[in-house]
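Per-entry structural report
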Amino acid sequence: MKLNKTKVKMSLVLLVITLIINLPLVSALEISNVRSEEITEDSTIIKWETDEESDSFVSYGVNKDDLVTLGDASLIENHRLSLTDLSDDTTYYYSVQSNELTDNNNEEMYS
């Protein structure tokens, strides 16, 4: 059986095109403008932005090595999570995470 080289080449080209079209798009999520606002004696709101819709998680605590994580799986670009039941006159450390990308202030943690 003799294969037609042109048909084989066309089939391979179509296969490659199909694979490329069906590959998931890879994007580099960016987190920016991380901040703590509306600070009271027992609460604060942690806010940040992402350049595409993503989930929202904050890890926080008084010890950088022992953090509690809370979050919301809703996909948004302007993130806002409330931390409550905080102790007055206490420094809390925190990092934010969206779509598995963590911003921990270059490993210094936000406070």
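What counts as what
Residues numbered from 1 in each chain as written. Predicted model: local features only at pLDDT ≥ 70, side-chain atom pairs only at ≥ 80, totals over all residues. Heavy atoms only, no water. Helix = DSSP H or I, 4+ residues; strand = E, 2+ residues; numbered from the N terminus. Buried < 20%, exposed > 50% of the residue type's maximum accessible area, 1.4 Å probe, protein only. Areas by Shrake-Rupley, 256 points an atom, 1.4 Å probe, with all protein chains shown as cover. Patch = residues over 30% accessible without salt bridge, like charges linked within 9 Å, V, L, I, M, F, W, Y side chains within 5 Å. Salt bridge = Lys/Arg side-chain N within 4 Å of Asp/Glu carboxyl O. Lys, Arg positive; Asp, Glu negative; His and termini not counted. Charge placed at Lys NZ, Arg CZ, Asp CG, Glu CD. Pairing = 2+ DSSP bridges.

Brief notes about the overall build of the protein chain
Across its full length, the protein chain holds one helix and five strands. Reading the helices (α) and strands (β) of the protein chain from amino to carboxyl end gives α-β-β-β-β-β. Per-residue burial for the protein chain yields a buried fraction of 27% across its 111 residues. Carbon and sulfur atoms make up 51% of the accessible area of the protein chain, which amounts to about 8200 Å² in all.

A word on a nonpolar patch on the surface
A surface patch of nonpolar side chains, about 310 Å² in accessible area, is lined by L14, I17 and I21. Within the fold, L14 resides in helix α1 (residues 5-22).

Some points on a negative patch on the surface
A contiguous patch of negative charge on the surface is contributed by E41, D42, D85, D88 and D89. Its place among the elements puts E41 in the loop between β1 (31-37) and β2 (44-63).

Details of the pairing of β1
Pairing geometry for β1 and β2, over five bridges, is antiparallel. By the bridge assignment, E37 is partnered in β2 with I45. In this structure, the hairpin formed by β1 and β2 is closed by a connection of six residues, where E38 is found at a positive phi of approximately 55 degrees.

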